[in-house]
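Structural overview for review
One letter stands for each residue in the lines below.
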Amino acid sequence: MKDYIIELNNLTFKYSDGTKAINNLNLKIERGKKISFLGINGAGKSTLFLHLNGILKPTKGEIIFNKVPLKYSHKELKKIRQKVGIVFQDPDTQLFSANVYQEVSFGAMNLNLEKAEVKRRVDKALEDTNVFDFKDKPTHFLSYGQKKRVSIADILVMEPEVVILDEPTSSLDPKHSAMIEELLNDINKTGTTLLLSTHDIDFAYSWSDYIFILKNGELVGEGTPEEVFENDHWIEAGAIEKPLVFEVYKALKAKELINDDIIPRNKKQLLKLIGT
Ligand SMILES: Nc1ncnc2c1ncn2[C@@H]1O[C@H](COP(=O)(O)OP(=O)(O)OP(=O)(O)O)[C@@H](O)[C@H]1O
Ligand SMILES: [Mg+2]
């Protein structure tokens, strides 16, 4: 039987201006997996994420975490926020401390850990996200991509069971995108469940164990990357693109230039198939 860490039951959310951003959503998140949410602007990805640690409260429906429905008392919210950490889409909404070191240590200090453990975690998070060199710099002087990495360190330092990243690689240069991808894989190997949203279809295709496609706050399709991108109906309904590697593989196969049945997930695997 599959082990689900988060389940959504009939989740519906209306903003105060009447916008129905999430519409009767039902889905289950498997523990320990790398999961991507795809969908065009306004599909409801960020709104959904803000529900998963109780920042937003459903208008209707419920969120089940580790088999228990989320509750919204101050005490329960504090607990869930230690277990489910969210890296916001816009780092400016997340960062509030004077400098980078203070910013990243804030979360760890709130966990009542030993001083030495706080230092160990903060140093590790700063190193892992490659922001250690400007640990004394005021956060508001950082570039957008640097802020984004500090906002990731902010959450990693808490070592939550679930890490949610809203468009983690947007605005990162290729070197830092690759670094964050590697970091996410390392965290996942320790058992952490990872959820992210992205408009980078190629990244989602190569990285994810499982993909959900949203549109107008509703689930359009879900499955492994191969299952999702094989389904033209879902791709069209979600108004998303297909990954380049996937399309090139299909074109080569249709022309009988390759006959391998294992679909490549990244450029390296595709080039190997072609024999280069
Ligand atoms: N604070 C708000 N008040 C009113 N409507 C909102 C608010 N925030 C988001 N919305 C609306 O809710 C819907 C879902 O928005 P959301 O930000 O969740 O989408 P998204 O999938 O994260 O999009 P993007 O890819 O642009 O980040 C949109 O129609 C948006 O206009
Ligand atoms: Mg968003």
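Remember, predicted model here, so these are calculated numbers, not experimental data.

Describing the nonpolar core
- One finds Ile6, Leu8, Ile29, Phe37, Leu48, Leu52 and Leu195 to be the most contacted residues of the largest nonpolar core, which totals 28 residues.
- Of all the elements, strand 1 (residues 4-14) adds the most residues to this core, at five residues.
- In this structure, Ile201, Val220, Val228 and Phe246 belong to the second largest nonpolar core, which totals 18 residues.

Notes on the pairing of strand 10 (residues 218-223)
- By the bridge criterion, five bridges tie strand 9 (residues 210-215) to strand 10 in an arrangement that is antiparallel. For Leu214, the partnering residue across the bridge sits in strand 10 and is Leu219.

Overview of the domain arrangement of the protein
- Segmenting the protein into domains produces domain 1 (4-92 + 161-242) and domain 2 (244-276).
- Here the C-alpha centroids of domain 1 and domain 2 sit 29 Å apart.
- The interface is formed by ten residues belonging to domain 1 together with nine residues belonging to domain 2.
- With both chains or domains summed, domain 1 and domain 2 bury close to 850 Å², and 49% of this area falls on carbon and sulfur atoms.
- Counting across the interface, domain 1 meets domain 2 through two salt bridges.

Describing the coordination of the magnesium ion (ligand 2)
- Looking at the metal site, the magnesium ion (ligand 2) is ligated by Ser46 (OG) and Gln89 (OE1), spaced 2.0 to 2.2 Å from it. Here Ser46 is found in helix 1 (residues 45-52), whereas its partner Gln89 is found in the loop between strand 6 (84-87) and helix 3 (91-94), with 43 residues between them in sequence.
- With a relative accessible area of 34%, Gln89 lands in the partly exposed category.

Overview of the sheet that holds strand 5 (residues 68-69)
- Across the sheet, four strands lie side by side as 2-1-4-5; this open sheet has antiparallel pairing. The open sheet is flanked by strand 2 (20-30) and strand 5, the only strands paired with a single partner.
- In this structure, strand 1 lies alongside strand 4 (residues 60-65), joined through five bridges in antiparallel fashion. Paired with Thr12 across the two strands is Lys60, which belongs to strand 4.
- Along the sheet, helix 1 contacts strand 1, strand 2 and strand 4; its crossing angle with strand 1, the most-contacted strand, is approximately 120°.

Thoughts on the side chain of Arg149
- Mapped onto the elements, Arg149 comes out in helix 6 (residues 144-156).
- There is no salt bridge for the buried Arg149, and the closest opposite charge comes from Asp173, which lies 5.3 Å off by N-O distance.
- Apart from residues no more than four positions distant in its own chain, Arg149 is found in contact with Thr129, Asn130, Val131, Phe134, Leu172, His176 and Ile180.

What to know about the packing of helix 11 (residues 244-254) against helix 12 (residues 267-274)
- Two elements in contact, helix 11 and helix 12, have axes whose closest approach is 10 Å; the angle formed by their N-to-C orientations is 15°. When the axis of helix 11 is compared with that of helix 12, the two are roughly parallel. Relative to helix 12, the crossing made by helix 11 is left-handed. Across from Val245, Val248, Tyr249 and Leu252 in helix 11, the residues of helix 12 making contact are Lys267, Leu270, Leu273 and Ile274.

Section: the packing of helix 4 (residues 100-109) against helix 5 (residues 115-128)
- Look at helix 4 against helix 5: their axes get within 9 Å of each other, and the N-to-C directions meet at 130°. By the criterion of interaxial angle, the relationship of helix 4 to helix 5 is oblique. Note on packing geometry: the crossing formed by helix 4 with helix 5 is right-handed. Of the residues in helix 5, those touching helix 4 at Val100, Tyr101, Val104, Ser105, Ala108 and Met109 are Val118, Lys119, Val122, Asp123, Ala125 and Leu126.

Things to note about the sheet that holds strand 6
- An order of 6-7-8-3-9-10 is seen for the six strands of this open sheet, with the pairing classed as mixed. Either end of the sheet is taken by a strand with one partner, and the two such strands are strand 6 and strand 10. Averaged over neighbouring strand pairs, the angle between their axes works out to 15° when direction is ignored.
- Contacting strand 6 and strand 7 (162-166), helix 2 (residues 74-83) crosses the sheet at an angle of about 70° to strand 6.
- Relative to strand 6, helix 6 is tilted by about 175°, and along the sheet it contacts strand 6 and strand 7.

What counts, and at which threshold
- Residues numbered from 1 in each chain as written.
- Chains lettered and ligands numbered in written order.
- Predicted model: local features only at pLDDT ≥ 70, side-chain atom pairs only at ≥ 80, totals over all residues.
- Heavy atoms only, no water.
- Core = buried A, V, L, I, M, F, W, Y, C linked by side-chain atoms within 4.5 Å.
- Buried < 20%, exposed > 50% of the residue type's maximum accessible area, 1.4 Å probe, protein only.
- Helix = DSSP H or I, 4+ residues; strand = E, 2+ residues; numbered from the N terminus.
- Pairing = 2+ DSSP bridges.
- Domains from an automatic or database assignment.
- Contact = heavy atoms within 4.5 Å.
- Buried area = accessible area lost by both parts, 1.4 Å probe.
- Salt bridge = Lys/Arg side-chain N within 4 Å of Asp/Glu carboxyl O.
- Donors = N, O, S within 2.8 Å, 3.2 Å for Na, K, Ca; no water.
- Axes fitted to C-alpha atoms, helices over the stretch in contact; angles between N-to-C directions.
- Lys, Arg positive; Asp, Glu negative; His and termini not counted.
- Parallel < 35°, antiparallel > 145°, perpendicular 65-115°, else oblique.
- Left-handed = near helix turned anticlockwise from the far one by under 90°.

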